[in-house]
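Architecture at a glance
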Amino acid sequence: MVRAETEMKSVVGDNATLPCHHQLWQMDPRTLDIEWLLQRTNSKQRAVITYSGSSVYDDLHESLKGRVAFAADYLKGDASLRIADLLLADSGLYTCKVKNGGHYKWSNINLTVLVKPSKPRCWKEGTPEEGGSVKLSCKSSDGSDPIKYRWERVLGNGKNVGKLPQQALIDLQNPEIVTLRNLTQDNSGKYKCTASNDVGEENCIIEIDIHYVREVGVVAGAIVGVAFGVLLILLVIWLVFRKKEKKKYEEEETPNEIREDAEAPKAKLVKPNSLSSSRSGSSRSGASSTQSMVHSSAPRSHRPRPAACLKENGQLPSFPQSPPTYTQVITKEPDTDSSRLSPGNLVRMGATPVMIPAQTKAFQTV
């Protein structure tokens, strides 16, 4: 009796050929007996395919029915088993047993069906700025364990790979994560992550572009400078308009302004007989206007009595106790001769010029 054991690994979906060679075919082929058995974990051993009595039986196992067959000429010493379209459930211990005329040959093959790693996904965490750090990660969503991860740097046109920068930190417990520290412009480029197991490998590539911090600062400074300049221009324009409005207001108020400590105009004595009756009325009206201005400028509590025209001897003239009674209204014709009341004629007739100051808004409201 001869016994042998072999380890095999295959990929899901592929075809696998389990070898089994013997020399018992040289004996009487009518007594040759070949049998393949499968024992899965936590299950009993079951027949997969057999040759006995010059007949082949390949429908003995439900999950393998139609997918198993002898791979070669089993009557000439090659009783290898071919399994098509492998499944994960096909993993287990396969036993090839050949006997003829009291002679036996056994061979055991431990078949492990694995899933090739799916294409991993690469991503980064953090902002790749000069002097900072960024974390690179990759992960395969499918694949048989153990899956190994390896990070490399892509060089040139992408056909060659090199080592990671010296500042790179690899997590030993999670090798799919690597941290690039103290970034510089030299760290810019492409990085490749490879996920692999015993039956295959897949990879992904990520590109890192290191930002220059000074460039970011210059852009931010330019934006702040422009905003400050605009505000400064608006402030200057506002001050100019403010100054113009203030100057205009002062120009409008200056002609009507009277100082409180300025001396009021003095009243002039007018001789009552120097003018005719028609001219004396005009003089009295002018003097009365002047006196009213003088009295209004004084405080109300100490306002003097209206000044009266004095006679030549300095005595007050006598006035009637009551105004005369008028019984007839005489309509006065307007004087069309404007030249008779010209300033020159009034001076020659003995009239005295009187200055009447402009009244401010304050005087008007009193």
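To start, this report covers the structure provided alongside it. (Residues numbered from 1 in each chain as written. Predicted model: local features only at pLDDT ≥ 70, side-chain atom pairs only at ≥ 80, totals over all residues. Heavy atoms only, no water.)

Leu18, Trp36, Ile83 and Tyr94 are the most contacted members of the largest nonpolar core, which has 26 residues in total. Those elements that place two or more of their residues in this core are β2 (16-18), β3 (33-39), β4 (46-52), β6 (68-70), β7 (81-83), β8 (92-100) and β9 (103-114). Those residues in contact with Leu18 that sit more than four places away from it in its chain are Met8, Trp36, Ser80, Leu81, Ile83, Tyr94, Ile109 and Leu111. Core analysis: the second largest hydrophobic core is formed by 19 residues, Tyr149, Cys204, Ile206 and Ile208 among them. (Core = buried A, V, L, I, M, F, W, Y, C linked by side-chain atoms within 4.5 Å. Buried < 20%, exposed > 50% of the residue type's maximum accessible area, 1.4 Å probe, protein only. Helix = DSSP H or I, 4+ residues; strand = E, 2+ residues; numbered from the N terminus. Contact = heavy atoms within 4.5 Å.)

Right, let's get into the pairing of β8. Note that β3 and β8 share seven bridges and pair antiparallel. Across the sheet, the residue bridging to Ile34 is Val98, located in β8. As paired strands, β8 and β9 are joined by nine bridges and run antiparallel to one another. Across the sheet, residue Val98 finds its bridge partner in β9, namely Lys105. If you look at the hairpin formed by β8 and β9, you'll find two residues sitting between the two strands, and Gly101 has a positive phi there, around 60°. (Pairing = 2+ DSSP bridges.)

What follows covers the pattern of salt bridges. Tallied over the entire structure, the rule returns eight salt bridges. Ionic pairing is found between Arg67 and Asp90, a salt bridge with its closest N-O pair at 3.0 Å. Residue Arg67 is found in the loop between β5 (55-57) and β6, and its partner Asp90 is found in the loop between β7 and β8; the two are separated by 23 residues along the sequence. Its relative accessible area of 16% is what places Arg67 among the buried residues. (Salt bridge = Lys/Arg side-chain N within 4 Å of Asp/Glu carboxyl O.)

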